[in-house]
Amino acid sequence: MRSVLDEKWMKYALTLADKAEALGEIPVGAVLVDDEGNIIGEGWNLSIINSDPTAHAEIVALRQAGQKLQNYRLLNTTLYVTLEPCTMCAGAILHSRIKRLVFGASDYKTGAVGSRFHFFDDYKMNHCVEITSGVLQKECSQKLSAFFQKRREQQKADKHKTNIER
């Protein structure tokens, strides 16, 4: 169930996505909040900067929270992320035992929470995660679309420049 708090935290996750974009990373942000509304972990994509394929925003936020709580189980928490998690992140979410996942934009190429795969729909899973999708979907989608549009334009300009220099 979507709430005003969901929008508040998704707006915060969008500001974290801006940090990723400023570094040349895909603009995805994530924030993990406990039931009292305290931030216990936050992250943004760092895969390129860190040369680490696992440094997705969700993983960065979960790692930070685990260190802060000194526990890999992140019970009674909600993870807000601007883009639907992939299978790797969905697995980490499951193992961390978060209570709730809220995401903005759907990912039709690699999304594991309903768009491409349905990771959490298997009744055999040892933990159930409450899922809310589409919170500030338009804003989250536009941020990603604008980023990839700029990237395509830059690649086109770089290719053109290379052709002129020949």
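Use the structure listed above.
Anyway, here's the lowdown on the structure attached to this text. The shown structure was predicted, so the numbers you read here are calculated from the model rather than taken from an experiment.

On to the overall build of the protein. Assigned secondary structure in the protein consists of five helices and five strands. Taken from N to C terminus, the helices and strands of the protein fall in the order α-β-β-α-α-β-α-β-β-α. The C-alpha radius of gyration computed for the protein amounts to 17 Å, which stays within 12% of the reference 15 Å derived for 166 residues, consistent with globular compactness. Put simply, the protein has 166 residues, and 45% of those count as buried. Put simply, 60% of the contacts in the protein that link residues at least 6 apart link residues at least 24 apart. When the accessible surface of the protein is totalled, it reaches about 9400 Å², and 53% of it is carbon and sulfur.

Glancing now at the environment of Ala 57. Here Ala 57 is to be found in helix 3 (residues 57-69). With 81 residues separating them along the chain, Ala 57 and Lys 138 place their C-alpha atoms 19 Å apart. What Ala 57 contacts, discounting residues up to four positions off in sequence, is Val 28, Gly 29, Ala 30, Gly 43, Trp 44 and Asn 45.

An α-helix turns once every 3.6 residues. As a result, residues three or four positions apart point the same way. For helix 3, which comprises 13 residues, the first-to-last C-alpha distance of 18 Å matches the rise-based estimate of 18 Å (1.5 Å per residue) to within 8%. Restricting attention to buried positions, one finds in helix 3 the residues Ala 57, Glu 58, Ile 59, Val 60, Ala 61, Leu 62, Ala 65 and Gly 66. Buried residues belonging to helix 3 abut strand 1 (29-34), strand 2 (39-44), strand 3 (77-83) and helix 4 (87-96). Once helix 3 finishes, Gln 70 follows within two positions and takes phi at roughly 55°, a positive value.

A word on unusual backbone geometry. Its identity is not glycine, yet Ser 51 carries a phi of approximately 50°, on the positive side. Residue class for Ser 51 comes out exposed when judged on its relative accessible area of 66%.

So, on to the environment of Val 129. One can find Val 129 in the loop between strand 4 (100-105) and strand 5 (130-133). Distance in space between the C-alpha atoms of Val 129 and His 95 is 11 Å, their sequence separation being 34 residues. Val 129 has contacts with Ile 93, Ile 98, Lys 99, Arg 100, Leu 101 and Phe 120, leaving out every residue within four places of it along the chain.

What follows covers the sheet that holds strand 1. The strands that make up a sheet are held in pairs by hydrogen bonds between backbone atoms, and each pair lies either parallel or antiparallel. Strand order across the open sheet formed by five strands is 2-1-3-4-5, with mixed pairing between neighbours. Here the strands that pair on one side only, and so sit at the sheet edges, are strand 2 and strand 5. Between one strand axis and the next, the sheet turns through 15° on average, direction left out of account. Taken together, the five bridges between strand 1 and strand 3 define a ladder with antiparallel strand orientation. Note that in strand 3 the partner of Val 31 across the bridge is Tyr 80.

Thresholds, definitions, all that
Residues numbered from 1 in each chain as written. Predicted model: local features only at pLDDT ≥ 70, side-chain atom pairs only at ≥ 80, totals over all residues. Heavy atoms only, no water. Helix = DSSP H or I, 4+ residues; strand = E, 2+ residues; numbered from the N terminus. Rg over C-alpha atoms; globule rule 2.2 N^0.38 Å. Buried < 20%, exposed > 50% of the residue type's maximum accessible area, 1.4 Å probe, protein only. Contact = heavy atoms within 4.5 Å. Areas by Shrake-Rupley, 256 points an atom, 1.4 Å probe, with all protein chains shown as cover. Expected span 1.5 Å × (residues − 1). Pairing = 2+ DSSP bridges. Axes fitted to C-alpha atoms, helices over the stretch in contact; angles between N-to-C directions.

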